[in-house]
Amino acid sequence: MERPEHNLHSWQQIYDISHNCYLLVVQTHVLDKIAALTSQRQKGTLVRYLIFLLFSFSLHAQLVIDETTQNYAVSADAPDGLLHALDSASPVKRDNKVVHGYTYYDIRWQFWFDSKSRQCDINKVTTTLELEYTLPQLTDSTESVKKAWSQWFSYLAEHEHEHGRMIKAMAQRIDEQLEAIPELGSCRVIEQQAALIGNALKQELAQQLQAYDEQTNHGRTEKAWLVDHLQATPN
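First, a word on what this report is: a plain description of the structure on this page. All values reported here derive from a predicted model rather than from experimental measurement.

With that settled, consider the state of the cysteines. All told, the structure shown has 1 disulfide when counted by the stated rule. Residue C120 pairs covalently with C187 via a disulfide, S to S 2.0 Å. Across the S-S bond of C120 and C187 the torsion is about 100°, and the bridge reads as right-handed. Here C120, found in strand β6 (residues 119-138), pairs with C187, found in helix α5 (residues 187-216); they are 67 residues apart in sequence, far enough to count as distant. Each member of the pair, C120 together with C187, is buried.

As C-alpha cells, then:
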C-alpha cells in the first residue's frame, strides 16, 4: 500500500467524547451539591469541592483527531472515458491495483506518570488519531459526465467515511482503556501494559476494516464502484 504524498495543511480538531459525557454528569452533580450546600458555614466546603472538580478535569484522557481529505483532480469529455481518467489520476494503489478512494490512519498515544511511594499511576493520557481520506474531485466537465459522477461519487465517499467512523470509534476505545489502567508498582510495567492494550486494539481494528471490505467487496455492494453505474446508465 502506497500512502499518497501531499502538502496540505490540516486543521486539528479535538474530539473528547468521554470527557463531554463526564462533564454533563458532573454538571448535574455540581447543581445538586450547590443546592445542598446552602448554609453560610458550608461555603468553604463548596469552594473546595469545585476546586477538586477543576483539578479532576485536567487528569482526564483526551482523544485528538486530525482529520483531513486529499483530493485528486479528474476530468473526462464523456462518461465512457471517466473510468480511465480515474485510473490514471488516482495516486493510490492497493495490492498493485489502482483504487479510487482510500482511508489512511495512524493512532498513537502518550501519557504522563505520577510516581510516589513505590507506586506509579497515569495522571494524563492523550491519544492522537491522524485520519486522511483520499478521494477524487471532478474538475470542469460535460453535463453528461457530471450526471454520471453525481450518481456514483457519494457512495464512494460514504464507504470511505464508514472506514473513518470505525477508526474513530476504536481510537476512542484505546483512549478509554489506557485511561483505565490501574496504579501499579512500576512505570515501566504501565508502559508495557499500555503497549499491549493499544496494539491489541489496533490489530482488532485492522481485522474489522478488512472484514468490512470483504463483506462489501470493497464497497461494491454499497454502489461505490463507478463501473457498475456506467454499465447501468446509457451514455
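Let us keep going from here.
Okay, unusual backbone geometry next. Across residues other than glycine, the phi torsion is negative in most instances, and most of the peptide bonds are trans. The phi torsion at N96 lies on the positive side, around 65°, for a residue other than glycine. Judged by its relative accessible area of 79%, N96 falls in the exposed class. The backbone of K223 shows a phi angle near 70°, a positive value even though the residue is not glycine. For K223, the position within the fold is in the loop between α5 and α6 (226-232).

Under the definition given, this model contains 7 salt bridges. Measuring nitrogen to oxygen at the nearest pair gives 2.7 Å for the salt bridge that ties D106 to R108. Of the residues examined, R108 reaches a relative accessible area of 58% and is grouped as exposed. Where E158 meets R165, a salt bridge forms, and the shortest distance between an N and an O atom there is 2.3 Å. A residue is classified by how much of its surface remains accessible, and E158, at 41% relative accessible area, is partly exposed. Accessibility expressed as a relative area gives 38% for R165, which makes it partly exposed. Among the ionic contacts, a cluster of salt bridges with common partners joins E158, E162 and R165.

The subject of this paragraph is the layout of surface pockets. Approximately 460 Å³ is the volume found for the largest pocket. Lining the largest pocket are 21 residues; nearest its centre among them are R94, V98, V99, H218 and W225. At the level of secondary structure, the elements contributing two or more residues to the lining of the largest pocket comprise α3 (82-89), β4 (97-98), α4 (143-179) and α6. In terms of residue count, the dominant contributor to the lining of the largest pocket is α4 (5 residues). Classifying every residue of the lining of the largest pocket by side-chain character gives 9 nonpolar, 6 polar and 6 charged. Considering the residues around the second largest pocket, the lining is formed by 16 residues, among which R94, Y102, H163, L209 and D213 are closest to the centre.

The terminal C-alpha atoms of α4 lie 53 Å apart, and with 37 residues this matches the ideal 54 Å at 1.5 Å per residue to within 8%. The largest bend in α4 comes to about 35°, at W152.

All right, on to the packing of aromatic side chains then. If you walk through the whole model with that rule in mind, you get 4 aromatic pairs. For the pair F111 and F113, a centre-to-centre distance of 5.3 Å together with 70° between the ring planes defines the contact as edge-to-face. F111 gets classed as buried once you look at its relative accessible area, which sits at 16%. Judged by relative accessible area, F113 falls into the partly exposed class, the value being 27%. Look at W149 and W152: their rings are 5.1 Å apart centre to centre, the planes differ by 85°, and that puts the pair in the edge-to-face class. Taken together, the positions of W149 and W152, both in helix α4 and 3 residues apart, correspond to about one turn of that helix. Classification of W149 as buried rests on a relative accessible area of 8%. On the basis of relative accessibility, which here comes to 0%, the residue W152 falls in the buried class. An aromatic cluster is present here, built from W149, W152 and F153 joined pairwise through their rings. The positively charged end of K124 is found above the aromatic ring belonging to W112, 5.2 Å away from the centroid.

Thresholds applied
- Residues numbered from 1 in each chain as written.
- Predicted model: local features only at pLDDT ≥ 70, side-chain atom pairs only at ≥ 80, totals over all residues.
- Heavy atoms only, no water.
- Disulfide = S-S within 2.5 Å.
- Helix = DSSP H or I, 4+ residues; strand = E, 2+ residues; numbered from the N terminus.
- Buried < 20%, exposed > 50% of the residue type's maximum accessible area, 1.4 Å probe, protein only.
- Salt bridge = Lys/Arg side-chain N within 4 Å of Asp/Glu carboxyl O.
- 1 Å grid on protein atoms, 1.4 Å probe; cavity = no way out; pocket = protein on both sides within 12 Å on 5 of 7 lines; lining within 4 Å.
- Points joined across faces, edges and corners; volume = space filled by probe spheres on them.
- Nonpolar A, V, L, I, M, F, W, Y, C, P; charged D, E, K, R; others polar.
- Expected span 1.5 Å × (residues − 1).
- Bend = angle between axes of the 7 residues up to and from the residue.
- Phe/Tyr/Trp six-rings, centres within 6.5 Å; stacked < 30°, edge-to-face > 60°.
- Lys NZ or Arg CZ within 6 Å of the ring centre and 35° of its normal.

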